[in-house]
Amino acid sequence: MATQLGVANTHLHYALRLEEARKNYDKSFLRAYDFWEYTKRAHLETATFYLCRTYDEHNCAIQLHRFLNEIPRASLNEVQKNILQTDMVFCCEKSKVPAVEKLRHWRNHFAAHYNYQLTTFRGRRDLTGLKSKTSKTPSLTELQQLIDRGFEILERWASFYKSSPAFQKLIKDKDDYLFVLEAIEEKRIKEKTVARSSVN
């Protein structure tokens, strides 16, 4: 599960950083607009997909609630039992936490099963919350909160599985996307300079 959260965190990191980078590399983005939009979307959907695994509702899956449920209660003191109960309520099958509910809603109606109602305007409105004050799909902030809370839970209880709580949350070279953008920008500027020279 730590790997799943790490993958989700890395893909979300890239989706967010690419959107931020557009401020400084806007012209380079526009030269390959569709490519970058699809790239950002792919990172975002992959992050959400891996989070769906971590917060899966099914007991047969490797998911957060199962991880917590298998911790032996006899080895816990009362404070630990209360904390464990809070963590289990957060990610249980019938969790009422808005971010968890939205994530599972996205999984059930968009990712795992593309709901037929989405082909109609009313269905899109009802399933996405377009006409309500509260969206039915998780925001970027909520996705990051779910990742952070997932790591927090794993770190808290890792010792009960004889595991180190030092999980890798992001890949080492998390900013290497800048190398790609800088190379594109350098080529764009060079082509612009050559074009001006040929005119003169």
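Located above this text is the structure these notes cover.
This report concerns the structure included in the present document. (Residues numbered from 1 in each chain as written. Predicted model: local features only at pLDDT ≥ 70, side-chain atom pairs only at ≥ 80, totals over all residues. Heavy atoms only, no water.)

With that out of the way, let us pick up unusual backbone geometry. A negative phi angle is the norm for most residues apart from glycine, just as the trans form is the norm for most peptide bonds. The phi dihedral of K162 is positive, around 55°, even though this residue is not glycine. Mapped onto the elements of the fold, K162 is located in the loop between α8 (140-157) and α9 (177-199). By relative accessible area, K162 is classed as exposed at 81%. (Helix = DSSP H or I, 4+ residues; strand = E, 2+ residues; numbered from the N terminus. Buried < 20%, exposed > 50% of the residue type's maximum accessible area, 1.4 Å probe, protein only.)

Turning next to the side chain of T48. Among the structural elements, T48 can be located in helix α3 (residues 33-54). A residue is classified by how much of its surface remains accessible, and T48, at 5% relative accessible area, is buried. Excluding anything up to four places from it in sequence, T48 contacts L103, W106 and L143. (Contact = heavy atoms within 4.5 Å.)

For K190, the position within the fold is in helix α9. According to the relative accessible area criterion, K190 is exposed, its value standing at 60%. Separated by 40 residues in the primary sequence, K190 and G150 place their C-alpha atoms 46 Å from one another.

Before going further, it helps to spend a moment on the packing of aromatic side chains. Per the counting criterion, the structure on display carries 7 aromatic pairs. Here the aromatic rings of F29 and W36 are separated by 5.1 Å at their centres, their planes lie at 50°, and the arrangement is tilted. For F29, a relative accessible area of 1% gives the class buried. Aromatic ring contacts, followed pair by pair, group F29, F35 and W36 into a single cluster. Geometry around F90 places R149 over its ring, the cationic atom sitting 4.1 Å from the centre. (Phe/Tyr/Trp six-rings, centres within 6.5 Å; stacked < 30°, edge-to-face > 60°. Lys NZ or Arg CZ within 6 Å of the ring centre and 35° of its normal.)

The next thing to look at is the state of the cysteines. Think of a disulfide as a covalent bridge from one cysteine sulfur atom to another cysteine sulfur atom. Scanning all chains against the criterion turns up 0 disulfides. The thiol sulfur of C52 is not disulfide-bonded, and the nearest other cysteine sulfur, from C91, lies at 14 Å. Looking at the unpaired C60, the closest cysteine sulfur is the one in C52, lying at 15 Å. (Disulfide = S-S within 2.5 Å.)

Glancing now at α3. Given a rise of 1.5 Å per residue, 22 residues ought to cover 32 Å, and the 32 Å separating the end C-alpha atoms of α3 matches this to within 8%. Considered for burial, the residues of α3 that qualify are W36, T39, K40, H43, A47, T48, L51, C52 and T54. (Expected span 1.5 Å × (residues − 1).)

Within the largest apolar cluster, 29 residues are counted, with the highest numbers of intra-cluster contacts made by L51, Y55, L68, L146 and W157. It is α8 that contributes the most residues to this core, 7 residues altogether. In this view, W157 contacts F67, L68, I71, L76, Q80, I83, L84 and D87; residues no more than four positions away in its chain are not counted. (Core = buried A, V, L, I, M, F, W, Y, C linked by side-chain atoms within 4.5 Å.)

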